[in-house]
Amino acid sequence: MHASCAARQTPDGDDAVLLLGPAGAGKSDLLLRLINRGFALVADDQVLVENGIARAPEALAGLLEVRGLGIFRLPCLPQARLRLVIQLGVQPERLPMPRRHAVLDLPEITLDPALASAPERAALALEAACGRIPQLAGAFSV
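Figured I'd write up the structure that's included with this text. (Residues numbered from 1 in each chain as written. Predicted model: local features only at pLDDT ≥ 70, side-chain atom pairs only at ≥ 80, totals over all residues. Heavy atoms only, no water.)

### Focus on the overall build of the chain
Phase 1: Along its length, the chain carries two helices and nine strands.
Phase 2: The linear arrangement of helices and strands in the chain, starting from the amino end, is β-β-α-β-β-β-β-β-β-β-α.
Phase 3: Taken over the C-alpha trace, the chain has a radius of gyration of 14 Å; the compact-globule value for 142 residues is 14 Å, and the two agree within 12%.
Phase 4: Across the 142 residues of the chain, 44% fall into the buried class.
Phase 5: Of the contacts formed within the chain by residues at least 6 apart in sequence, a portion of 58% connects residues at least 24 apart.
Phase 6: Accessible area for the chain stands at about 7900 Å²; split by element, carbon and sulfur atoms hold 55% of it.
Phase 7: Taking the average place of the 14 positive charges on the side chains of the chain and the average place of its 15 negative ones, the gap between the two points comes to 3 Å. (Helix = DSSP H or I, 4+ residues; strand = E, 2+ residues; numbered from the N terminus. Rg over C-alpha atoms; globule rule 2.2 N^0.38 Å. Buried < 20%, exposed > 50% of the residue type's maximum accessible area, 1.4 Å probe, protein only. Contact = heavy atoms within 4.5 Å. Areas by Shrake-Rupley, 256 points an atom, 1.4 Å probe, with all protein chains shown as cover. Lys, Arg positive; Asp, Glu negative; His and termini not counted. Charge placed at Lys NZ, Arg CZ, Asp CG, Glu CD.)

Given below as structure tokens:
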């Protein structure tokens, strides 16, 4: 998949978010900001997904392209369990209904990656998708 992926390490394993969007939507930029906030790199630009597990193609493992700077080699996780799909480049609804990604059958949200709070929103959404925090109404309400 043309995507990027970051994971948060938990006592139960690694919970990953898949960042989807067209070229230039801000996938790698949001990935860089997530890494800066304690997430681990899983894959940038291309993500292989098999049985709900994300990993980078061998040739791209640990590589992150930072537009305007170049390609960097960073520490990375070899794989992580996908728990949430984040669609970038689409204007999010104010109070969205729960929905699932059509192919991966995972919770899916939209997010504006240009927002200063985008990494925190992604982290909050991951916690809600994993059932670690309750939500009264919105994308993860039952």
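So much for the structure itself; the text now carries on.
### Quick look at the environment of Ala56
Phase 1: Relative to the elements of secondary structure, Ala56 occurs in the loop between β5 (53-55) and β6 (63-66).
Phase 2: With 18 residues separating them in the primary sequence, Ala56 and Leu74 have C-alpha atoms 13 Å apart.
Phase 3: Discounting residues that sit within four places of it in the chain, Ala56 has contacts with Val42, Ala43, Gln46, Leu48 and Ala61.

### As for the nonpolar core
Phase 1: Within the largest apolar cluster, 26 residues are counted, with the highest numbers of intra-cluster contacts made by Val17, Leu19, Leu34, Leu84, Ile86 and Phe140.
Phase 2: In terms of residue count, helix α2 (residues 118-129) provides more of this core than any other element does, seven residues in total.
Phase 3: Once you skip the residues sitting within four places of it in the chain, Leu34 turns out to touch Ala6, Val17, Leu19, Phe39, Pro119 and Ala122.
Phase 4: If you look at the next biggest cluster of nonpolar residues, it comprises 17 residues, including Leu18, Ala54, Leu77 and Val85. (Core = buried A, V, L, I, M, F, W, Y, C linked by side-chain atoms within 4.5 Å.)

### Some points on the pairing of strand β8 (residues 80-88)
Phase 1: Where strand β2 (residues 13-20) and β8 come together, six bridges link them in parallel fashion. Bridging across to β8, Val17 finds its partner in Leu84.
Phase 2: Bridge count between β8 and strand β9 (residues 108-111): four bridges; the pairing is parallel. Note that in β9 the partner of Val85 across the bridge is Glu108. (Pairing = 2+ DSSP bridges.)

### Details of helix α1 (residues 27-36)
Phase 1: When we look at burial in α1, the residues that qualify are Lys27, Leu30, Leu31, Arg33 and Leu34. On an axial view of α1, the arc spanned by its buried residues comes to 165°, and they lie on one face.
Phase 2: At the C-terminal side of α1, Gly38 shows a positive phi close to 100°. (Arc of directions from axis to C-beta.)

### Some remarks on the state of the cysteines
Phase 1: One pass over the structure, following the stated rule, counts zero disulfides.
Phase 2: Summary of cysteine pairing: Cys5 is not part of a disulfide, and the nearest cysteine sulfur, belonging to Cys76, is at 11 Å. (Disulfide = S-S within 2.5 Å.)

### Digging into the side chain of Ser4
Phase 1: Here Ser4 shows up in strand β1 (residues 3-10).
Phase 2: We classify Ser4 as buried; its relative accessible area is 0%.
Phase 3: Within the structure, Ser4 has its side chain in polar contact with the side chain of Asp44 (distance 2.7 Å).
Phase 4: Ser4 has contacts with Val17, Leu18, Leu19, Lys27, Ser28, Leu31, Ala43, Asp44, Asp45 and Val47, leaving out every residue within four places of it along the chain. (Polar contact = N/O pair within 3.5 Å; in protein donor to acceptor, adjacent residues only side chain to side chain.)

### Topic: unusual backbone geometry
Phase 1: Positioned with a positive phi, Asp45 is a non-glycine residue whose angle comes to about 80°.
Phase 2: The residue Asp45 is located in the loop between β3 (40-43) and β4 (48-50) in this model.
Phase 3: Among the residues examined, Asp45 registers a relative accessible area of 33% and is labelled partly exposed.
Phase 4: If you check the backbone angles, Asn51 has positive phi at about 55° while not being a glycine.

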